[in-house]
Amino acid sequence: MKLLSFLFLGFCLPLTIFSQTLEVEPFEQKLKETPKAILLDVRTSGEFGGGHLPKAKNMDFRSADFANQIKTLPKDQPIFVYCLSGGRSAQAAELLKKEGYQVTELKGGYLKWTTKLKPLEGVPAVAHDAAWDLQAFAKETANGKAVVVDFYAKWCAPCLKMMPTVDKLASDFAGRVKVLKVEADGNQAVLQQFGIDEIPSFLVFQNGKMIQKTSGFREEAQLKELFDQAIGTIR
C-alpha cells in the first residue's frame, strides 16, 4: 500500500521548475539534446524578420498580451529563450518561470549568437562583397607598413554599428594605415587561417607582422587604439 501511495505521489508531482542562462556553445548543445524544446524569440516581429535562430517561434515581449501568449505554451516542453542582447529575454525568463516553465536563456542573445557565426534562418538576401583570394590577402598584409583588418558581416548588428566609425578612422589615418575589410560570408579560408571564430574581429599588422588580434564591439576610442598600434604610436 505504501509503495502504491509513493508511486501515485511520484506521478502527481510536477516537473522540476528551473531557469538557467547559458553561453552560446552550451546553449546550442543543450538545445540539440532537447528535441521537444520550444525555442522562443522575444524580439519584435521586425527584428525577427531580419533573421533569427533556426526553428524559433516569435512572441514579442513588449506586446500587451505577451503574458497571455506564453500561457498557451505547453508546460511539459522546456523553453529556450533569447532576445537581441539579453535584457528582454531575462525578463521573459522570469515570467516563464513564474508560470511553471523550465527555462534556458541565451546569454548575450542574438548578437552573441551571430558573432559566433552560428546558423540563422530568415536573413534577407543581400549582395555580398567579393571574396578575398588568400594569396592576395597575404600580399596586402605583408606589403603594408600598417594594416588594420576588419572582419564583419552584413547581418551582424555590432559590425554595422561600428562601420561608420571604422570608415571615419580610415579617412583620418589615410596614407598611414591601410584598412582591409573581410566579409565573413564567403571568406571562410581567411577566417580559418587566422582562427577567427567570432565577429566583429580585428587584426593589426605592422611591417607584415600580426601584432594584435581582438574581437567584440569597440567604441571609437578603442578602435582608434588599433590604428595607433598599427603605426606604433602605442603598443
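Below or above, wherever it landed, is the structure these notes cover. (Residues numbered from 1 in each chain as written. Predicted model: local features only at pLDDT ≥ 70, side-chain atom pairs only at ≥ 80, totals over all residues. Heavy atoms only, no water.)

Okay, the sheet that holds strand β6 (residues 146-152) next. If you walk across this open sheet you meet the 4 strands as β7-β6-β8-β9, and the pairing is mixed. In this open sheet, the two strands that pair with only one neighbour each are β7 (178-183) and β9 (209-215). Across the sheet, the mean angle from the axis of one strand to that of its neighbour is 20°, orientation sign disregarded. For β6 and strand β8 (residues 201-206), the ladder comprises 6 bridges, and the chain directions are antiparallel. Paired with valine 149 across the two strands is leucine 203, which belongs to β8. Here helix α8 (residues 157-172) sits on the sheet in contact with β6, β7 and β8, set at roughly 160° to β7. Against the sheet, helix α10 (residues 220-231) contacts β6, β7, β8 and β9, and its axis sits at roughly 20° relative to β8. (Pairing = 2+ DSSP bridges. Helix = DSSP H or I, 4+ residues; strand = E, 2+ residues; numbered from the N terminus. Axes fitted to C-alpha atoms, helices over the stretch in contact; angles between N-to-C directions. Contact = heavy atoms within 4.5 Å.)

Before going further, it helps to spend a moment on the pairing of strand β5 (residues 103-106). Side chains Val103 and Glu105 project from β5 onto one buried face, and the interleaved Thr104 and Leu106 project onto a second face that is buried too. Direction of pairing for strand β1 (residues 19-22) relative to β5: parallel, over a ladder of 4 bridges. Paired with glutamine 20 across the two strands is threonine 104, which belongs to β5. Sheet topology note: the strand β4 (residues 79-82)/β5 ladder contains 3 bridges and is parallel. The residue bridging isoleucine 79 from the neighbouring strand is valine 103, located in β5. (Buried < 20%, exposed > 50% of the residue type's maximum accessible area, 1.4 Å probe, protein only.)

Here we come to the nonpolar core. Core analysis: the largest hydrophobic core is formed by 19 residues, its most contacted members being Val149, Phe151 and Ile199. Examining the composition of this core, we find that 4 residues originate from one element, β6, more than from any other. Ignoring anything within four residues of it in the chain, the contact list for isoleucine 199 reads Thr114, Thr115, Leu117, Phe151, Tyr152, Ala153, Trp155, Cys156, Cys159 and Ala184. With 16 residues, the next largest nonpolar core counts Val42, Ile79, Tyr101 and Val103 among its residues. (Core = buried A, V, L, I, M, F, W, Y, C linked by side-chain atoms within 4.5 Å.)

Its volume calculated, the largest pocket comes out at about 320 Å³. Its residues placed into classes, the lining of the largest pocket shows 8 nonpolar, 1 polar and 3 charged. (1 Å grid on protein atoms, 1.4 Å probe; cavity = no way out; pocket = protein on both sides within 12 Å on 5 of 7 lines; lining within 4 Å. Points joined across faces, edges and corners; volume = space filled by probe spheres on them. Nonpolar A, V, L, I, M, F, W, Y, C, P; charged D, E, K, R; others polar.)

An order of β1-β5-β4-β2-β3 is seen for the 5 strands of this open sheet, with the pairing classed as parallel. Whereas interior strands pair on both sides, the edge strands pair on one side only; in this sheet they are β1 and β3 (57-58). Across the face of the sheet, helix α5 (residues 87-98) comes into contact with β1, β2 (38-41), β4 and β5 while running at roughly 180° to β5.

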